[in-house]
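Chain by chain, the residues:
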2 protein chains.
Amino acid sequence: MEASYADLMDELRSRGLRMTPQRRAIVSEVMRAKGHISPTAIARKVQGDMPGVNASTVYRTLTLLESVGVLQHSHVETGAEYHRTDEAHHVHLTCRNCGQDDELSLEEARKLQGLIRRHHGFVADLTHFAITGLCSDCAA
Amino acid sequence: MEASYADLMDELRSRGLRMTPQRRAIVSEVMRAKGHISPTAIARKVQGDMPGVNASTVYRTLTLLESVGVLQHSHVETGAEYHRTDEAHHVHLTCRNCGQDDELSLEEARKLQGLIRRHHGFVADLTHFAITGLCSDCAA
DNA sequence: GTTGGTGCAAAGGATTTGCAAGGTG
DNA sequence: CACCTTGCAAATCCTTTGCACCAAC
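Here is what the cut-offs are and how they apply
Residues numbered from 1 in each chain as written. Chains lettered and ligands numbered in written order. Predicted model: local features only at pLDDT ≥ 70, side-chain atom pairs only at ≥ 80, totals over all residues. Heavy atoms only, no water. Pairing = 2+ DSSP bridges. Helix = DSSP H or I, 4+ residues; strand = E, 2+ residues; numbered from the N terminus. Axes fitted to C-alpha atoms, helices over the stretch in contact; angles between N-to-C directions. 1 Å grid on protein atoms, 1.4 Å probe; cavity = no way out; pocket = protein on both sides within 12 Å on 5 of 7 lines; lining within 4 Å. Points joined across faces, edges and corners; volume = space filled by probe spheres on them. Nonpolar A, V, L, I, M, F, W, Y, C, P; charged D, E, K, R; others polar. Near = heavy atom within 4 Å. Polar contact = N/O pair within 3.5 Å; in protein donor to acceptor, adjacent residues only side chain to side chain. Parallel < 35°, antiparallel > 145°, perpendicular 65-115°, else oblique. Contact = heavy atoms within 4.5 Å. Least-squares fit on C-alpha atoms with pLDDT ≥ 70 in both. Phe/Tyr/Trp six-rings, centres within 6.5 Å; stacked < 30°, edge-to-face > 60°. Buried < 20%, exposed > 50% of the residue type's maximum accessible area, 1.4 Å probe, protein only. Domains from an automatic or database assignment. Buried area = accessible area lost by both parts, 1.4 Å probe. Salt bridge = Lys/Arg side-chain N within 4 Å of Asp/Glu carboxyl O.

Spatially, β4(A)-β3(A)-β6(A)-β5(B) is the arrangement adopted by the four strands of the open sheet, whose pairing is mixed. At either margin of the open sheet sits one strand with a lone partner, and together these are β4 (101-104) of chain A together with β5 (123-125) of chain B. Averaged over all neighbouring strand pairs, the angle between strand axes comes to 40 degrees, with direction disregarded. Bridge count for strand β6 (residues 131-134) of chain A against β5 of chain B is three bridges, and the pairing is antiparallel. Each bridged residue has a counterpart across the sheet, and for Leu134 of chain A the counterpart in β5 of chain B is Val123 of chain B.

A few words now on empty space enclosed by the protein. Space left empty within the atom packing is revealed by a probe, the size of a water molecule, rolled over the atoms. Under the defined criterion, the tally for this structure stands at two cavities of 30 Å³ or more. When its volume is computed, the largest cavity comes out at roughly 70 Å³. Lining the largest cavity are Asp125, Leu126, Phe129, Ala130 and Ile131 of chain A together with Asp125, Leu126, His128, Phe129, Ala130, Ile131 and Thr132 of chain B. Here the residues of the lining of the largest cavity are counted per class, giving eight nonpolar, two polar and two charged.

The subject of this paragraph is the protein's contact with DNA strand D. The immediate surroundings of DNA strand D are formed by 20 residues, with Tyr59 of chain A together with Arg18, Gln22, Arg23 and Thr57 of chain B found nearest. Among the atoms of DNA strand D close to the protein, meaning within 4 Å, 66% are from sugar or phosphate groups. Interatomic distance of 2.6 Å between a side-chain N/O atom of Arg23 of chain B and a phosphate oxygen of DNA strand D. Only α3 (39-49) and α4 (55-68) of chain A together with α2 (21-32) and α4 (55-68) of chain B provide two or more residues apiece to the surface near DNA strand D. Here the surface near DNA strand D is built from residues that sort into six nonpolar, nine polar and five charged.

Neighbouring DNA strand C are 20 residues, the closest being Arg18, Thr20 and Thr57 of chain A together with Arg18 and Tyr59 of chain B. Among the atoms of DNA strand C lying within 4 Å of the protein, the sugar-phosphate backbone contributes 68%. Between DNA strand C and Gly52 of chain A there is a distance of 3.2 Å, counted from a phosphate oxygen to a backbone nitrogen or oxygen. Take Arg18 of chain B: an N or O atom from its side chain is 2.2 Å from a base nitrogen of DNA strand C. Of all elements in the fold, only α2 (21-32) and α4 of chain A together with α3 (39-49) and α4 of chain B reach the threshold of two or more residues within the surface near DNA strand C. Of the residues that constitute the surface near DNA strand C, the class distribution is six nonpolar, nine polar and five charged.

This part covers the packing of α2 of chain B against α4 of chain B. Residue and element names in this part refer to chain B. α4 packs onto α2 with a crossing angle of 70 degrees between their chain directions and a minimal axis gap of 10 Å. With respect to α4, the axis of α2 lies roughly perpendicular. Only Thr57, Val58, Thr61, Leu62, Leu64 and Leu65 of α4 make contact with α2, whose side of the interface consists of Gln22, Arg23, Ile26, Val27 and Val30. Looking at the contact of α2 with α4 residue by residue, the class counts come to seven nonpolar, three polar and one charged.

In this section: the relation of the copies chain A and chain B. It takes a turn of 179 degrees to lay chain A on chain B, together with a shift of 0.0 Å along the axis; the resulting RMSD is 0.1 Å. Classification of the inter-copy transformation places it as that of a two-fold axis. Interface overlap between copies: 100% of the residues of chain A at the interface are likewise at the interface in chain B, consistent with a symmetric, same-surface contact.

Bringing the packing of aromatic side chains into the picture now. Counting across every chain of the model gives one aromatic pair over all chains. Relative to Phe129 of chain B, the ring of Phe129 of chain A lies with its centre 6.0 Å away and its plane at 35 degrees, an arrangement referred to as tilted. Remark: Phe129 of chain B occurs in the loop between β5 and β6 (131-134) and Phe129 of chain A occurs in the loop between β5 (123-125) and β6; the pair is interchain, linking two chains. Each of the two residues, Phe129 of chain A as well as Phe129 of chain B, counts as buried.

What follows covers the domain arrangement of chain A. All names here are of chain A. Looking at the assigned domains, one finds that chain A contains domain 1 (5-87) and domain 2 (90-139). Here the C-alpha centre of domain 2 lies 25 Å away from the C-alpha centre of domain 1. At the interface, eight residues of domain 1 touch eight residues of domain 2. Both faces combined, the contact of domain 1 with domain 2 buries some 680 Å², and carbon together with sulfur accounts for 52% of it. On the domain 1 side of the interface with domain 2, the three residues burying the most area are His36, His75 and Glu87, jointly 55% of the side's total. Across the domain 1-domain 2 interface, the total number found is zero salt bridges. Run the count over domain 1 and domain 2 and you get three residue pairs in polar contact (both at pLDDT 80 or more). Of the residues contributing to the side of domain 1 that touches domain 2, the split by class is one nonpolar, five polar and two charged.

Listed below in structure tokens is the structure:
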């Protein structure tokens, strides 16, 4: 379940794709993020370690890695954010007042998904979009 | 509950703001949309009826009307969309495969909200972000 | 050596801002 | 006639694309 560099390289190689230092740096940055991170943030960080890496390379790489299945993007108030696919079970709960970011557990997400499915046959992916609202502190 | 032009004008006037023809046209366009509509789409449509209206006016007006409480925006896959506040109870279910757009009823939304609240004290606004997934046809 | 990848520069598209002119109350 | 609003143009931001050069396997 845990995607390693070796697995990733195999995956890319089997598709005739290459593992370049830029890709290594980008993947490493997303992995290190332990959560979600925006394309521009990735670009900034990667360029910190490895000056000269172009933003277009970052975008192209993110798109590629998403199509390969290693990464996935989701939407929060400020825009798109990427995370490793392994961590896709996180449902973001963002407080619109204080900005605090909480998460739903996988079980809770499943429960919600079940409810939606029962009434509409719709299989929801609650991880793709964040959920806004007010956290317990701000709602009080 | 139903926001009329008269109400809107009162609201604006009470804040020392003005009801200009541009604002009238923009509000009218969003109202007519009977659902959600993007800023660029509004700009295009308004400019159809009333050539010369600048996109910046559209953006400024949408922001203003949202702060006044008449409109609200939400996020779908393609970006931000505005709708009248009265229609904020729609939870979007968008199929990522066929693009079909369904909705959750108010009761269902409340049920989900209740579940989230019980476990986190988090008061979710499920209308702000769409929910993606697979519709019954595409999930089969 | 092939073929895919990268950097660079330019193009796009959406949204914001400064400012002087214009319109509303 | 104040003061809010608008149009215009320019400036940002973020993201995409074309293309020649470079590098991975």
